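Structural features, examined
The chain contents come next:
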Amino acid sequence: VEFVKMASECDAVNLGQGFPDFPPPDFAVEAFRHALSSDFMLNQYTKAFGYPPLTKMLASFFGKLLGQEIDPLKNVLVTVGAYGALFTAFQALVIIIEPFFDCYEPMTLMAGGRPVFVTLKPGPTQEGELDSSSTWQLDPTELASKFSSRTKALILNTPNNPLGKVFSREELELVASLCRQHDVICITDEVYQWLVYDGYQHVSIASLPGMWERTLTIGSAGKTFSATGWKVGWVLGPDSLMKHLRTVHQNSIYHCPTQSQVAVARSFEHEQLRFGQPDSYFVQFPQAMQRARDHMIHSLQSVGLKPVVPQGSYFFIADISDFKSKMPDLPGEVDEPYDRRFVKWMIKNKGLVAIPVSVFYSVPHRKLFDHYIRFCFVKDESTLQAMDEKLQRWKNELGP
């Protein structure tokens, strides 16, 4: 919120917030328009746990992907965005992989739980080459040490926000084996599952042996169809877990907007007919966003920023270590992490907005990762051009 406010005050190009600044696909817009203008009863409540055609569609669509017979009444819950899904799922002692989407820790604390953190660590890179999110790895021994008899759940985010890491099957099998060994639930946030680049493959941990019965898989229509304001999300999982989420949902959110759910159901119907084909949005959209990613990565390097190339998601992080060495004393609060001070400086002086990566870490680890900032590349061509103009002025100021 602080950085968005600064952006508006400084007329800066907002590359920080994670939303597309271009329209959803035409078929999704038409689906929403149809939902608004067709049946007047769509202005009223639908079933509390999801509009029936949508829960049936999610069960059918994701059942094939996960290799499961999914019951739309027992194994699907539609929520107010993936945020709502996460809120209903958090409980007790939760292992959180860092860097993490910033709501995971407060949601765990609100539920009366205690977060335990394990950190992805960057691997070595060749001289002159950009780092890749694929080199950031969990230490198997450290991860295993975080499990105890009190551990109730582990939260997994793949593709990861802010890093853009896509966990490999081998990495997921390590997590799965520990969850099975310690009888731990896996909450997997897969809202960016369709945004995977460079030939990498998204694997859902619920599809691994013995994991469906202990996994809650969370998705987002906002990220799936580039319509973040629709606020429709979902959770898929076994009835033994879902019955508890339905209780929380019924006594907090209760119901999601009917017309948004209708539009999402029709959009999935559209994609199901084209799944895996060249004209599928799930094929075309990541191709377009990979081009936007490559454009932004190339442009940011011109002023000395060092992007970490993401395998997936809306985001990548960039290393600002060289700036930290050259101008270490940027203004800011006492003990304020360097990346926060750098982002404020960049907004005010260069007209570009990013998000400090330290906000995606637990307090004890923030200073260890305060030399990175996060950019969102899921932006319109006009935004990328405005970014290029700002970067060109910055480059000119650096001189030859």
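That block above? That's the structure.
First things first, this report covers the structure right here in the doc. What you see is a predicted model; the values in this text were computed from it and never measured. (Residues numbered from 1 in each chain as written. Predicted model: local features only at pLDDT ≥ 70, side-chain atom pairs only at ≥ 80, totals over all residues. Heavy atoms only, no water.)

Here the focus is the overall build of the chain. If you tally the helices and strands in the chain, you get 14 helices and 13 strands. Here the C-alpha coordinates of the chain stretch approximately 65 × 55 × 35 Å along the principal axes. Looking at the 400 residues of the chain, the share that counts as buried comes to 57%. Contacts spanning at least 24 positions in sequence make up 72% of the contacts within the chain whose residues lie at least 6 apart. For the chain, the exposed area adds up to about 17300 Å²; of that, 52% sits on carbon and sulfur atoms. With 38 positive and 43 negative side-chain charges, the chain shows a separation of 4 Å between the mean positions of the two kinds. (Helix = DSSP H or I, 4+ residues; strand = E, 2+ residues; numbered from the N terminus. Buried < 20%, exposed > 50% of the residue type's maximum accessible area, 1.4 Å probe, protein only. Contact = heavy atoms within 4.5 Å. Areas by Shrake-Rupley, 256 points an atom, 1.4 Å probe, with all protein chains shown as cover. Lys, Arg positive; Asp, Glu negative; His and termini not counted. Charge placed at Lys NZ, Arg CZ, Asp CG, Glu CD.)

What follows concerns the nonpolar core. Judged by nonpolar contacts, the single largest core of 106 residues is most densely connected at Phe268, Phe342, Ile373 and Phe375. Ranked by residues supplied to this core, first place goes to helix α11 (residues 281-301) with eight residues. Taken together, domain 1 (1-22 + 280-398) and domain 2 (26-274) each give at least three residues to this core, which thus spans both. Residue contacts for Phe268: discarding those within four places in its chain leaves Met57, Leu58, Phe61, Phe62, Thr224, Phe225, Trp234 and Phe282. Counting 29 residues, the second largest nonpolar core, distinct from the first, contains Val175, Val184, Ile317 and Tyr361. (Core = buried A, V, L, I, M, F, W, Y, C linked by side-chain atoms within 4.5 Å. Domains from an automatic or database assignment.)

In short, geometric facts, not functional conclusions.
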